[in-house]
Amino acid sequence: MPRPQQMIQVGDQRLVLPAGVKLADWNLEKYRWQNPRIRSLLGCIKLLEGVLESNYALLHCSPARLHQIWRQVRRVSQLIRTQLSALLDYPSIIPHLEKARQSVLQSLEMLDVVVLEELERFPHELPSDQLVEARKFLCISIGKLHAFLQDTFSELLEADPRSDRDADYFISRRFPRDIEEAEWLFASVKGLQQYLRGLEGSRYPRLTSAAEGIRRELSLPFGESWLDLKEFLVSLINDLSPRLNEILALRGIRFDEMEILDDYAVEIPMKSKMVIEIVETGRRAVDRLKRESGEDRALREQNLHDLIAVHAVLSRRLISLLSDLDRRLSDLWVFIPIWVENIENRRALLLRREAGEKRPISITADSRSLR
C-alpha cells in the first residue's frame, strides 16, 4: 500500500510532501538545518558581493582596498568552512533535497582544495611582499567562491519542497547578471572590432609603408609622410587606448583575456608616444645642426657627418618601434575575432541554460518566507 503524502502551506498555495515524509519531520529539518543553510548562504553572498570587483580593479586597486577585500574574502572562507559546512553535514528526509545536499558537498570538497586551502596558506594579514601574489589569487578565487555560493543557493532552493515553478527562479541566481555582463562585453568587443576594421584599412599606407620608407632612406620622416604617420599615432593614443581601457574595466572579462588586452593597452600608446617624441626631438636636433654649419668647410663637413649619424641612429630606433607597433596592431586584429567567438560561445551557453532549465520558486530570503 503506497504511503500517504502530506500537504504543506506556502503562502496561498498548498504543496505536497514526498511520500512517507511526515510534516513534523520536515518542520524539524526546516527549522534546524534548511533555513539556517539558506541564511548562511545569503550572508556569505552579501559579504562577497561587497568586494566582487573586476580582475582589472583587483590588480590595480590601492593597498588599503586590497586589504579590505582580503579580510572580507577570508571571512567568507571561514563561514563556508565552519558554519555552512556544519549545516550541510545533516542528511535530508526529502529525497530531492538530499540529492542536492550531496551534490553541494562534492562541490564544497573541490572548492576546499582549489580555493579554501590555498587561501589559508597566505597570512591572515598580508605582508607587502605578497601583495602581487594575493592580487592574482583573488582574481581566480573570488569568482569561484561566488559561483559556488550562488550555485549552492540555487540548488538547495530548487530542491526545497516549498519551491513553486511559477515564481521567478532567476532572482536567486547569477545568470541574469552574468548574461548582462556577457552581453555588455560582447557589444563592447564587437564595437572594438568594428573600430579596428577601419584602423586596419589605414594601417599599411600610414604605418607599414612609413616604416619601410624610413628603413629605405635611413632618415627621419618629414612633410606629408610624417603628418599622416603622426595623425595615425595620435589616433592610437586618443581613440584606441581609451577603448581598450574601457573594456578592461568590465566585469565580464576573464583573467587570461584581461592579461592579453592589458599588454596591448599599455604597449600601443606607449610606443606611439615614443615615436612622436623621437621624431620631434630628432628634428629639433637636425635643425640646430643645420643652423650651426656656418662658412667653415671643416665645420660644414662635420655637421654633415653629424646629420647623417643623427638620422641613422634615430631611424633605426624608429624602425624598431614602428615594426613592433605594426606587429602588435596586426596581432590585436587577429585576436579580436577569436575573442568575439569565445564570448559569443559563453553568451550562447548562458542563454541556452536560461531557456532550458526549469523555473521553480526562488524563496524570498527574509525570515517570513522561511517558515
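Residues numbered from 1 in each chain as written. Predicted model: local features only at pLDDT ≥ 70, side-chain atom pairs only at ≥ 80, totals over all residues. Heavy atoms only, no water.

A few words now on the nonpolar core. In terms of nonpolar packing, the biggest core is built from 94 residues, with Ile80, Leu240, Leu332 and Trp339 touching the most fellow members. Listed by contribution, the elements that provide at least two residues to this core are helix H1 (23–49), helix H3 (63–87), helix H4 (95–120), helix H5 (131–159), helix H6 (175–217), helix H7 (223–248), helix H8 (255–291) and helix H9 (297–356). Residue contacts for Trp339: discarding those within four places in its chain leaves Leu185, Val189, Ile247, Ile253, Glu257 and Leu261. (Core = buried A, V, L, I, M, F, W, Y, C linked by side-chain atoms within 4.5 Å. Buried < 20%, exposed > 50% of the residue type's maximum accessible area, 1.4 Å probe, protein only. Helix = DSSP H or I, 4+ residues; strand = E, 2+ residues; numbered from the N terminus. Contact = heavy atoms within 4.5 Å.)

The subject of this paragraph is H3. For H3, which comprises 25 residues, the first-to-last C-alpha distance of 35 Å matches the rise-based estimate of 36 Å (1.5 Å per residue) to within 8%. The sharpest bend along H3 comes to roughly 35°, located at Ile80. (Expected span 1.5 Å × (residues − 1). Bend = angle between axes of the 7 residues up to and from the residue.)

One pair of aromatic rings is described through two measures. These are the centre distance and the angle between the planes. Summed over the entire model, instances satisfying the criterion amount to five aromatic pairs. Here a set of aromatic residues connected by ring pairs shows up, and it is made of Trp70, Phe122 and Phe137. (Phe/Tyr/Trp six-rings, centres within 6.5 Å; stacked < 30°, edge-to-face > 60°.)

What follows concerns the pattern of salt bridges. Under the criterion given, the structure shown has 16 salt bridges. Glu53 serves as the salt-bridge partner of Arg65, at 2.4 Å between the closest nitrogen and oxygen. Of this pair, Arg65 sits in helix H3 while Glu53 sits in the loop between H1 and helix H2 (55–60), placing them twelve residues apart in sequence. Salt-bridge contacts for Glu120 lead to Arg74; the nearest nitrogen and oxygen are separated by 3.7 Å. Placement of the pair is Glu120 in helix H4 and Arg74 in helix H3, with a sequence separation of 46 residues. (Salt bridge = Lys/Arg side-chain N within 4 Å of Asp/Glu carboxyl O.)

Summarising the element assignment, Leu329 is placed in helix H9. Residue classification places Leu329 among the buried residues on the basis of a relative accessible area of 3%. In sequence terms Leu329 and Tyr264 are 65 residues apart; their C-alpha atoms lie 8.3 Å from each other. Each residue touching Leu329, except ones within four places of it in the same chain, is listed here: Leu199, Arg203, Leu207, Phe232, Leu236, Leu240 and Ile268.

Let us now look at the confidence of the model for the protein chain. Looking at the protein chain, pLDDT values average 81 and 81% of them are 70 or higher. Here residues 165–173 scores under 50 on pLDDT; set against residues more than four positions off or in separate chains, the count is 33 contacts. For the stretch residues 349–371, pLDDT sits under 50, and the model shows 58 contacts to residues farther than four places along the chain or on other chains. (pLDDT = per-residue confidence, 0-100.)

Okay, the state of the cysteines next. For the structure shown, the criterion picks out zero disulfides. With no disulfide of its own, Cys61 has Cys139 as its nearest cysteine by sulfur position, at a separation of 9.1 Å. On the basis of relative accessibility, which here comes to 15%, the residue Cys61 falls in the buried class. (Disulfide = S-S within 2.5 Å.)

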